[in-house]
Amino acid sequence: MMKTDELLIAQLEDKIQQADDWGVITSGDFLDVHQRKVLMDYVRGRKLPVRLLLYGGYDDAERCMPVFLPEYLPDIEVKASESGAGEAGGGHALPPEVAELLKVVRVTAPKGGRQLTHRDYLGSLLALGLDREVTGDILVRKGEDPLGAGADIIVEAGIADFIEMNYDKAGRTNLKASVLPITELHVAEVETVKKHDTVASLRLDNIVSSAFNLSRAKAADAIRRGIVSVNNIETIKPDMDIEEGDKIVLRGKGKTILREVSGKSRKDRIRILLELFI
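Predicted model only: the values in this text are computed from it and were never measured.

**Considerations on the pairing of strand 3 (residues 65-69)**
Stage number 1. Most of strand 3 is tucked away: 5 of the 5 residues are buried.
Stage number 2. In terms of strand pairing, strand 1 (residues 26-27) meets strand 3 through 2 bridges, oriented antiparallel. Each residue of the ladder has a partner; that of threonine 26, found in strand 3, is phenylalanine 68.
Stage number 3. In this structure, strand 2 (residues 51-55) lies alongside strand 3, joined through 5 bridges in antiparallel fashion. Across the sheet, residue leucine 53 finds its bridge partner in strand 3, namely valine 67.

**Some remarks on the packing of aromatic side chains**
Stage number 1. Counted according to the given criterion, the structure contains 0 aromatic pairs.
Stage number 2. The ring of phenylalanine 277 carries lysine 255 above its face, with NZ or CZ at 4.4 Å from the centroid.

**Regarding the packing of helix 6 (residues 204-212) against helix 7 (residues 216-224)**
For any two helices packed against each other, one specifies the crossing angle of their axes together with the interaxial distance.
Stage number 1. Here helix 6 crosses helix 7 at 115°, and the two axes come no closer than 8 Å. With respect to their mutual orientation, helix 6 and helix 7 come out roughly perpendicular. Along this stretch, helix 6 crosses helix 7, giving a crossing that reads as right-handed. Only Arg216, Ala219, Ala220 and Ile223 of helix 7 make contact with helix 6, whose side of the interface consists of Leu204, Asp205, Asn206, Val208 and Ser209.
Stage number 2. Here the contact of helix 6 with helix 7 is composed, by residue class, of 5 nonpolar, 2 polar and 2 charged.

**Things to note about the nonpolar core**
Stage number 1. One finds Leu39, Leu52 and Tyr55 to be the most contacted residues of the largest nonpolar core, which totals 36 residues.
Stage number 2. Contributions of two or more residues to this core are made by helix 1 (5-22), helix 2 (33-43), strand 2, strand 3, helix 3 (96-99) and strand 6 (102-108).
Stage number 3. Once residues lying within four places of it in the same chain are set aside, the contact partners of leucine 39 are Leu12, Leu31, Leu52, Leu54 and Pro66.

**Some thoughts on the environment of leucine 73**
Stage number 1. Assignment of secondary structure puts leucine 73 in the loop between strand 3 and strand 4 (79-80).
Stage number 2. Leucine 73 gets classed as buried once you look at its relative accessible area, which sits at 13%.
Stage number 3. Taking the C-alpha atoms as reference, leucine 73 lies 8.7 Å from proline 95; in sequence the two are 22 residues apart.
Stage number 4. If near-sequence neighbours (up to four positions away) are discounted, leucine 73 is found in contact with Ile25 and Arg51.

**Considering the sheet that holds strand 12 (residues 192-199)**
Stage number 1. Taken in spatial order, the 6 strands line up as 12-17-16-15-13-14 in an open sheet, and their pairing is antiparallel. The outermost strands of the open sheet, each flanked by one partner alone, are strand 12 and strand 14 (233-234).
Stage number 2. Two strands pair when backbone bridges link them, and strand 13 (residues 228-230) and strand 15 (residues 247-250) are joined in this way by 3 bridges, in the antiparallel orientation. When the sheet's bridge partners are listed, valine 228 is paired in strand 15 with leucine 250.

**Comments concerning the side chain of serine 229**
Stage number 1. Mapped onto the fold, serine 229 is located in strand 13.
Stage number 2. When neighbours within four sequence positions are excluded, serine 229 is seen to be in contact with Val33, Glu234, Thr235, Lys247, Ile248 and Val249.

**A word on the environment of alanine 61**
Stage number 1. Among the secondary structure elements, alanine 61 is positioned in the loop between strand 2 and strand 3.
Stage number 2. Judged by relative accessible area, which is 1%, alanine 61 ranks as buried.
Stage number 3. In this structure, the C-alpha to C-alpha distance between alanine 61 and glycine 254, residues 193 residues apart in sequence, is 15 Å.
Stage number 4. Contact partners of alanine 61, with chain neighbours within four places excluded, come to Arg36, Gly56, Asp137 and Asn232.

**Some words on the layout of surface pockets**
If a probe as big as a water molecule is rolled over the atoms, it shows which places are left empty.
Stage number 1. The volume enclosed by the largest pocket comes to roughly 1,900 Å³.
Stage number 2. Around the largest pocket, the lining comprises 45 residues; the ones closest to its centre are Glu62, His118, Ile138, Leu139 and Lys255.
Stage number 3. Contributing elements (two or more residues each) for the lining of the largest pocket: helix 2, helix 4 (118-126), strand 7 (135-141), strand 13, strand 15 and strand 16 (254-264).
Stage number 4. The element contributing the most residues to the lining of the largest pocket is strand 7, with 5 residues.
Stage number 5. For the lining of the largest pocket, the class distribution of residues is 19 nonpolar, 9 polar and 17 charged.

Thresholds applied
- The numbering scheme is per chain: residues are counted from 1 as the chain's sequence reads.
- Given that this is a predicted model, residues contribute local features only at a pLDDT of at least 70 and side-chain atom pairs are listed and counted only at 80 or more, while totals for whole chains, interfaces and linings are drawn from all residues.
- Just so you know, side-chain values use all the structure's heavy atoms and leave hydrogens and water out.
- Here's how the labels work: a residue is buried when its accessible area is under 20% of the maximum for its type, exposed when over 50%, partly exposed in between, all with a 1.4 Å probe on protein chains only.
- Helix and strand labels come from DSSP, where a helix needs a run of H or I of at least four residues and a strand needs a run of E of at least two; each type is numbered from the N terminus.
- If DSSP finds at least two bridges between two strands, the strands pair.
- Ring pairs shown here join Phe, Tyr and Trp side chains whose ring centres sit within 6.5 Å, with only the six-membered ring taken for Trp; geometry is labelled stacked below 30 degrees between planes, edge-to-face above 60, and tilted in between.
- Whether a charge sits over a ring comes down to the Lys NZ or Arg CZ being within 6 Å of the ring centre and within 35 degrees of the ring normal.
- A fitted line through C-alpha atoms represents every axis, and for helices the fit uses only the stretch in contact; the resulting angles, taken between N-to-C directions, go from 0 to 180 degrees.
- Here roughly perpendicular refers to angles of 65 to 115 degrees, roughly parallel to angles under 35, roughly antiparallel to angles over 145, and oblique to all remaining angles.
- It is the rotation of the near helix from the far one that decides the hand of a crossing: anticlockwise by less than a right angle makes it left-handed, clockwise makes it right-handed.
- Here a residue-residue contact requires only that any non-hydrogen atoms of the pair lie within 4.5 Å.
- Each residue gets one label: Ala, Val, Leu, Ile, Met, Phe, Trp, Tyr, Cys and Pro are nonpolar, Asp, Glu, Lys and Arg are charged, and the others, such as Gly, are polar.
- Note on terminology: a nonpolar core comprises buried Ala, Val, Leu, Ile, Met, Phe, Trp, Tyr and Cys residues joined through side-chain atoms within 4.5 Å.
- A cavity here means a set of 1 Å grid points, computed over protein atoms only, where a 1.4 Å probe fits but cannot escape. A pocket is an open set with protein on both sides within 12 Å along at least 5 of 7 lines, and lining residues have an atom within 4 Å of a point.
- Grid points are joined across faces, edges and corners, and a volume is the space filled by probe spheres set on the points.

Okay, here's the thing in structure tokens:
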């Protein structure tokens, strides 16, 4: 069941209080891009008594769990993000207690079968009675991957054994599942293409329009409907300024990164280079 924004904040406030009062690491369930925005809006301008880390198992994770660290812990090497939070990848420079919060369920599909999609894996997981909040990113592998067809599914450690024992089928496809530490996560190579274009400005709606071949009006509408995220955080502002390196996801369409801004054309438009994930 989806948490309301108010319930989410109340639960996270409890985790913050526990980490501060008891001097222990606490964590919440995985957050989607909207929930991450709710969290970022909450912490912005507040001085938390603990440090906040967003942990998804690898550097580019879209779904991350909030981890609250007592101040006595040594500094952790994380990527800084807006609002004073940090993001951590696959276990480097993390206390063991943080790395152990997540496990990988490695799923192997039979050779020569139908290529399963992210939706196939997610649907069959939910059919086990699991809430989406206990699972993170699902990294799908194709048959040509060195590990063969299947997926690495990032999950909360406490649910990993249940999935291993019960997750044996997606639709009519038989699966084999095994639990691994998060350090064994396999991130398959992703095919990308480069796109050169010019835009009137670096507003988000212009970039979305260019990347996904939409009119500016349709791009702005998608943003206002909350189906666009920038650096894994939902945004509903079409006029948001985008910078080099920003990652933009349009739900149902794909992902792009603004790789380069390189001056202006003769018509005074801004030259950009986008990397599109296909």
